[in-house]
Amino acid sequence: MNALVPLPVLLPLCATGLSLAFGTRLKQLQRLISVAVLTAVLGLSVTLMIAADMRGPLTVHLGDFAPPLGITLVADRLSGLMLTVSSAVTLCVLVYSLGQGMADRDEETPVAVFHPAYLILVAGVSCTFLAGDLVNLYVGFEIMLVASFVLLTLGGTGPRIRAGSTYVIISLFSSMLFLTAIAMTYAATGTANFAQLAGRLAGLPLGVQTLIQAMLLTVFAIKAAVFPLAAWLPDSYPTAPAPVTAVFAGLLTKVGVYCMLRTETLLFPGNRLGDLLMAAALASMVVGILGAVAQTDLKRLLSFTLISHIGYMVFGIGLATRDAYGGAIVYVAHHITVQTTLFLVAGLIERRSGTTELTRIGGLAKAAPLLAALFFVPAMNLAGIPPLSGFIGKLGLMRAGVADGGVWAWILVVGSAVTSLLTLYVTAKVWNLAFWRAAPPGQAATGTVLEADSDEDDDGDEGPDRIPGTGDEPVRPRHQPAGRAVAATLHGHAVTTTTKLPLPMTGATAATVALGLAFTVFAGPLTSYTDRAAAELIARAPYVQAVLGR
């Protein structure tokens, strides 16, 4: 069983080579490879999750080199759950993107770039979840960074290049800080292996421990978009193609949360920086949701709710109790699926109405009832309406806060409740504007090609980012036959309104909705599993013994 541990990383990497080899000449085969590999990764992830729950952490020392020389991969309950949820979500997003590409019939869409970059992203995410040392964790981050920049800038438009550049600059800064922290850790302890660090860090002076902990938390907080290190996110994600935005918002920020969970429990027990984490959690909740209240563009609104709800997960990490960790893990799994779903729905709304600007759309509940249902369920889940999984996760965190009884814990409990109510207000605003009210005058007619909001410059002038003949000039509204989609959101700058949404896109979105509902239906087994995962994190001994063999 241990031999299966590296496969979630190796399979996507091998498939990337095949995908590049086939290129655009055999598009159907390229798509088949991507879907088959991600389906296999999902099956492997479920197998590893079940095996880790039944047998304890599974470990592999690549090359049979023992720590600290070798690369160690570890699959325990936490990483198994994260792998399973992330694999399911990335598979659904891939199907969504394939449906979008097939509907658009855009021969210029860089499929040869999209599929390899997407597979590399999946490999980087898997590497991060399975990493058993700081160096391999850094490698996973860098793999994700390379793939992320390619995916963010698909189409080469001015706004996407600017957003991608901002993302890369922030990521490179965090990478430099991460390398510095790794170097300091290795200089002080002689290892970067998690299991060995669990024993050696405690012997360092308190000031050195705190400095290393603070540096690592800063790195992971940037990745997770924890306030005040989240300013890059609302401007970076909304400009990307819908499937890219969905997987980034739903999954990549949770990689940072996972790393915080892993290091705070395994390397730095004792919760020395718990008050700081809870202050950051409160700020993320409040600032994020107030930012969402002020937005009228659906993608930017969802980006701010993402920042806000990261605060719930940091709340659980800051409390540092078994119940809090269990609630945080539940909420991470829930939020990956729900946030991904909402961004996929935003992409469907853009295709149906030509924009995600809420002031310019309406009447979708009557015109597109299936689309309305696909939005309503995850929106209520995000708001925490009982008995959905969002309510279960929030209730677990708030109960842990009440049990703790500290001042910061009570403040966070109140802040969580207020944030949840404001989230309900935000989702109700979206519902009223986009779905419930009548369509506003001037709404695009079916078959009209419109310039996407994300590709508009503020001044509307042609400039350095609007060079005629390059494909970056504005697309003027023109009439097309109803139902014909002539411009892809994976490439180019326009969307075509169409009454009939592509079946793979709606099917993939419905699958993520069903996954979110599955967390509600199987809430009992899920919370029992996360409670065992939390106990394993706090105990530390099972992880250390599995890696070091003692």
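The next thing to look at is the overall build of the chain. Broken down by element type, the chain carries 20 helices and five strands. Counting across all 550 residues of the chain, residues that qualify as buried make up 61%. If you take every contact in the chain between residues at least 6 apart in sequence, the share linking residues at least 24 apart comes to 81%. When the accessible surface of the chain is summed, it comes to about 19500 Å², and 68% of that surface belongs to carbon and sulfur atoms.

Glancing now at the packing of helix 13 (residues 322-353) against helix 19 (residues 523-539). Packed helix pairs are specified by the crossing angle of their axes together with the interaxial distance, meaning the distance between the axes. In contact at an axis separation of 8 Å, helix 13 and helix 19 are set at 125° when each is read in the N-to-C sense. Between helix 13 and helix 19, the angle falls in the class oblique. Taken as a pair, helix 13 and helix 19 cross one another with a handedness that is right-handed. Across the interface between the two elements, Arg322, Asp323, Tyr325, Gly326, Ile329 and Val330 of helix 13 pack against Leu526, Thr527, Thr530, Asp531, Ala533, Ala534, Ala535, Leu537 and Ile538 of helix 19. Its residues placed into classes, the contact of helix 13 with helix 19 shows nine nonpolar, three polar and three charged.

For the structure shown, the criterion picks out 13 aromatic pairs. Centre to centre, the rings of Phe375 and Phe435 are 5.1 Å apart; their planes meet at 20°, and the pair counts as stacked. Residue Phe375 is found in helix 15 (residues 369-383), and its partner Phe435 is found in helix 17 (residues 407-436); the two are separated by 60 residues along the sequence. Comparing Phe375 with Phe435 shows no difference in burial state: the two are buried. Linked through ring pairs, Phe375, Phe376, Trp431, Phe435 and Trp436 together constitute an aromatic cluster.

Attention shifts here to the environment of Leu233. By the secondary structure assignment, Leu233 is in helix 9 (residues 233-236). Take Leu233: its relative accessible area is 0%, and that puts it in the buried class. Leave out the neighbours within four places in its chain, and Leu233 touches Ala225, Pro238, Thr253, Ser303, Leu306 and Ile307.

Okay, the packing of helix 11 (residues 274-293) against helix 17 next. Closest axis-to-axis distance for the helix 11/helix 17 pair is 9 Å, and the angle between their directions is 20°. One way to sum up the angle between helix 11 and helix 17 is to call them roughly parallel. For the pair helix 11 and helix 17, the crossing hand works out as left-handed. In contact with Asp275, Met278, Ala279, Ala281, Leu282, Met285, Val286, Ile289, Leu290, Ala292 and Val293 of helix 11, helix 17 contributes Trp408, Ala409, Ile411, Leu412, Gly415, Ser416, Thr419, Leu422, Thr423, Tyr425, Val426 and Lys429. Taken together, the residues of the contact of helix 11 with helix 17 sort by class into 17 nonpolar, four polar and two charged.

Here the focus is the pattern of salt bridges. Tallying each qualifying case throughout the model produces six salt bridges. Asp53 is paired through a salt bridge with Arg532; the nearest N and O atoms lie 2.9 Å apart. A residue pair is termed long-range when its members are at least 10 positions apart, and Asp53 in helix 2 (residues 27-55) and Arg532 in helix 19 qualify at 479 residues. Across the pair Glu350 and Lys299 runs a salt bridge, and its minimum N-O distance is 3.4 Å. Residue Glu350 is found in helix 13, and its partner Lys299 is found in helix 12 (residues 298-319); the two are separated by 51 residues along the sequence. Exposure class is identical for Glu350 and Lys299. Each is buried. When salt bridges with common partners are traced through the structure, they connect Asp53, Arg77, Arg532 and Glu536 into a single cluster.

What follows deals with helix 11. Helix length check: helix 11, at 20 residues, gives a terminal C-alpha distance of 29 Å against a target of 28 Å (1.5 Å per residue), a fit within 8%. Buried within helix 11 we find Gly274, Leu277, Met278, Ala280, Ala281, Leu282, Ser284, Met285, Gly288, Ile289, Gly291 and Ala292. Looking at the buried positions of helix 11, the neighbouring elements they touch are helix 8 (206-224), helix 10 (242-266), helix 12 and helix 17.

Here we come to the pairing of strand 2 (residues 71-75). Burial runs high along strand 2: four of the five residues are buried. With five bridges connecting them, strand 1 (residues 58-62) and strand 2 associate as antiparallel partners. Each residue of the ladder has a partner; that of His61, found in strand 2, is Thr72.

The subject of this paragraph is the environment of Leu201. By the element assignment, Leu201 lies in the loop between helix 7 (194-200) and helix 8. Since its relative accessible area comes to 2%, Leu201 is described here as buried. In this structure, Leu201 is in contact with Thr189, Gln209, Ile212, Leu267 and Phe268, ignoring residues within four places of it in sequence.

The rules behind each value
- Residues numbered from 1 in each chain as written.
- Predicted model: local features only at pLDDT ≥ 70, side-chain atom pairs only at ≥ 80, totals over all residues.
- Heavy atoms only, no water.
- Helix = DSSP H or I, 4+ residues; strand = E, 2+ residues; numbered from the N terminus.
- Buried < 20%, exposed > 50% of the residue type's maximum accessible area, 1.4 Å probe, protein only.
- Contact = heavy atoms within 4.5 Å.
- Areas by Shrake-Rupley, 256 points an atom, 1.4 Å probe, with all protein chains shown as cover.
- Axes fitted to C-alpha atoms, helices over the stretch in contact; angles between N-to-C directions.
- Parallel < 35°, antiparallel > 145°, perpendicular 65-115°, else oblique.
- Left-handed = near helix turned anticlockwise from the far one by under 90°.
- Nonpolar A, V, L, I, M, F, W, Y, C, P; charged D, E, K, R; others polar.
- Phe/Tyr/Trp six-rings, centres within 6.5 Å; stacked < 30°, edge-to-face > 60°.
- Salt bridge = Lys/Arg side-chain N within 4 Å of Asp/Glu carboxyl O.
- Expected span 1.5 Å × (residues − 1).
- Pairing = 2+ DSSP bridges.

So, to be careful, I would describe these as geometric facts and stop short of saying anything about function.
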